[in-house]
Number of protein chains: 2
Amino acid sequence: MTNKNIGIKDVAVAAGVSVTTVSHVLNEVSYARISPETRDKVKSAAEQLGYGPNRLAQALRTQRTGMLGLVSEDIATTPHAGRIILGADEAAKARGYGLMIINTSGSASLESRRADVDALLERRVDGILYATMYHRNVELPANLGSVPSVLVDSVAKGGNITAVIPDEDGGARAAVGALLEAGHTRVGFINNTDDVPATRERLQAFRTMLTEAGLDGDAAPVESEVSEVHGGYEAARRILAREDRPTGLFCYNDRMAMGAYRAAAELGLSIPGDLSVVGFDDQELIAANLHPGLTTVALPHYEMGAWATEHLIDAVEGKTDLTLMALHPTILGCPLVRRDSIAAPRP
Amino acid sequence: MTNKNIGIKDVAVAAGVSVTTVSHVLNEVSYARISPETRDKVKSAAEQLGYGPNRLAQALRTQRTGMLGLVSEDIATTPHAGRIILGADEAAKARGYGLMIINTSGSASLESRRADVDALLERRVDGILYATMYHRNVELPANLGSVPSVLVDSVAKGGNITAVIPDEDGGARAAVGALLEAGHTRVGFINNTDDVPATRERLQAFRTMLTEAGLDGDAAPVESEVSEVHGGYEAARRILAREDRPTGLFCYNDRMAMGAYRAAAELGLSIPGDLSVVGFDDQELIAANLHPGLTTVALPHYEMGAWATEHLIDAVEGKTDLTLMALHPTILGCPLVRRDSIAAPRP
DNA sequence: GTTCTTGTTGGTCATCTGTGTCCCACGTCC
DNA sequence: GGACGTGGGACACAGATGACCAACAAGAAC
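Residues numbered from 1 in each chain as written. Chains lettered and ligands numbered in written order. Predicted model: local features only at pLDDT ≥ 70, side-chain atom pairs only at ≥ 80, totals over all residues. Heavy atoms only, no water.

Student: Could you give an account of the domain arrangement of chain A, naming the residues involved and the relevant values?
Tutor: Residue and element names in this part refer to chain A. Under the domain assignment, chain A is made up of domain 1 (8-53), domain 2 (67-166 + 302-332) and domain 3 (168-299). In this structure, domain 2 and domain 3 have C-alpha centres spaced 31 Å apart. At the interface, six residues of domain 2 touch six residues of domain 3. In total, about 620 Å² of surface goes out of reach between domain 2 and domain 3, with carbon and sulfur atoms giving 58% of it. In terms of surface lost to domain 3, no three residues of domain 2 exceed His80, His135 and Pro166, which account for 64% of the buried area on that side. Counting across the domain 2 and domain 3 interface gives zero salt bridges. Summed over the shared surface of domain 2 and domain 3, the number is two residue pairs in polar contact (both at pLDDT 80 or more). Every element with two or more residues in the side of domain 2 that touches domain 3 is listed here: α5 (79-94) and β3 (127-138). (Domains from an automatic or database assignment. Contact = heavy atoms within 4.5 Å. Buried area = accessible area lost by both parts, 1.4 Å probe. Salt bridge = Lys/Arg side-chain N within 4 Å of Asp/Glu carboxyl O. Polar contact = N/O pair within 3.5 Å; in protein donor to acceptor, adjacent residues only side chain to side chain. Helix = DSSP H or I, 4+ residues; strand = E, 2+ residues; numbered from the N terminus.)

Student: Hey, could you go over the relation of the copies chain B and chain A for me, with residue numbers and the actual values?
Tutor: The transformation that overlays chain B on chain A combines an axial shift of 0.1 Å with a rotation of 180°, and the residual RMSD is 0.1 Å. Here the transformation between the copies is reduced to the relation of a two-fold axis. Proximity to the rotation axis, assessed at the C-alpha, singles out Met100 of chain B in chain B; its C-alpha lies 2.2 Å from the axis. Taken together, the interface assignments show that 100% of the residues at the interface of chain B recur at the interface of chain A, consistent with an identical surface on both copies. (Least-squares fit on C-alpha atoms with pLDDT ≥ 70 in both.)

Student: Describe in detail the sheet that holds strand β8 (residues 248-251) of chain A, supporting the description with residues and values.
Tutor: Residue and element names in this part refer to chain A. Spatial ordering of the open sheet is given by β7-β6-β8-β9, a layout of four strands whose pairing is parallel. Two strands bound the open sheet, and with one partner strand each, they are β7 (222-225) and β9 (276-278). Taken over all neighbouring pairs, the strand axes of this sheet differ in orientation by 20° on average, direction set aside. The strands touched by helix α9 (residues 229-240) within the sheet are β6 (187-192), β7 and β8, with β7 carrying the most contacts at an inclination of about 155°. (Pairing = 2+ DSSP bridges. Axes fitted to C-alpha atoms, helices over the stretch in contact; angles between N-to-C directions.)

Here you go:
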């Protein structure tokens, strides 16, 4: 157990050697030639005293803190941030790094976010992860450039910073594909109204998937609303009121799908008997708990957090050149999570 | 903007004074007598060079890092952890402290949690917050005692560590009270099966509230299941199948309430017309998005995080003696959040 | 047998970036 | 001319690291 009051000096005295020797044996430096007996003396003395290295002093000397800064938007409003943090934490822990977390708001001023980054820089973090709550184009504080940094779940407005984002296109294709595969030919899309990459890319994937399947993708029904439960409800009411009522529904996210469930229930449509539904996000609290369970597409938050951390550490340790990766964002897959909301359409 | 490469030494050279003087000026030490002109020279030099203090070196010298360690259980599985972190982050930021976060698992071995705490100690955090995912009795690693620590959302098995927990009793009373107030006389409770304080305390509060209202608390119907949506569904099916079917239902948490909603829908009971429901937790994703919105009791996670941080910093700065507060856990209120799931019973 | 080389084993000292105590130089005032 | 006030610098210290140096014994050269 690390004891705050014991330093390398105390160990040296206890073992009857110099502090240098203690440092050498404890760090197992290759060039140090030290007799096995001395090694043992030092090690057991350290053990007995409960010596733990003072990482601050180490960091000061070596110019490496072994700490990564993570500025995360809106830590508490979605479970997404939690999964990014978890991925980052586990990747960091596995390589002996720690995480300093600062919360910021998606709507915070550039200046306040600059101050957040500055707080991390003053503490001499080795690198910085900048995570946003949802995939978008984000303006980054300039001081982020002074240490290796990776952007999680967004791309930078100015470009040229390494970023990792979800595969919107592939995810949407998987979702629509699951409906087509089940045999649906009348498929609708309930979309978001925000101007974010996901809105555009999912819509486009929706249309091309239908077209590729020999259906008229351009004519397929699409209704847009705010990406909340009530928006999903409204949009679903409209889309299900059409004469050529779709038998398959792709929803922008799980919350909107939850709204669609209610709309279907009100119209007396059973899921998946009368209507198949597929969502996006895999918010477990919703997707797994709806009845029937919602088939949806998982956003790779954990994986993005881990990927970003892994590569950030590589960069810190000089194993990678981040500027090379900065040209294009890295895209991580969005796997389909099958539950029970898709069935073949009634004949 | 903090520039990593600029030290106090560079400022001293630029201003034509000694490093001591720079330190004195920048820290505004009271005993230093320095002419206004020198002050200005130093300050503008620091400004120009983009000097930022090296918190590591400061910490090494002053034996204060200004960092708090937060070990949090299961960061990603519930939104609860996020709210604790947010409360802690904002309280810490307000007082100039930073947060080092380590994730652990509720089921992790004592040894691995000891290692987590050790990682924080090696980094010489000034204090530690230990947050659990739900209110219970937790066994803490012994090395937690070596710096000031506060336990969030649990009490320690051994006792004698300052802790802050939610007011289970008061919250449950508020929930049941809301049903009684609306005029319900046949009220049931859907409880959890886990052996945690909340299970016992909410049950007891339920019974005493009824009794205090002149009803037969001991005879009131209670059904227990696992605290998930499907458990809530099962329990609700049973409780609603009784001859003296309750018109008001208190659910152990929002997830179980969600299950109760489905059971009610299947039985053709409308909420709140035929059945009033009240939950616990205020998981927004569920409570706000059910239809009708679920009246529930909010767990003060943000407040507990903030309270714990505030008092931890007080202890670190010698303004409080934590051992005095360790005698009894501090209890924070659980306010009722009114939505639309409670109405008067049909006459 | 004495000095020199060489390998072994560890220690010395500067360094990382600041902080804080103590001390010094210089004027002034009675 | 000694006490005192003012402005600022020297220096030790916090806890480590690492390049380089030193002591010593064994064997080699003379």
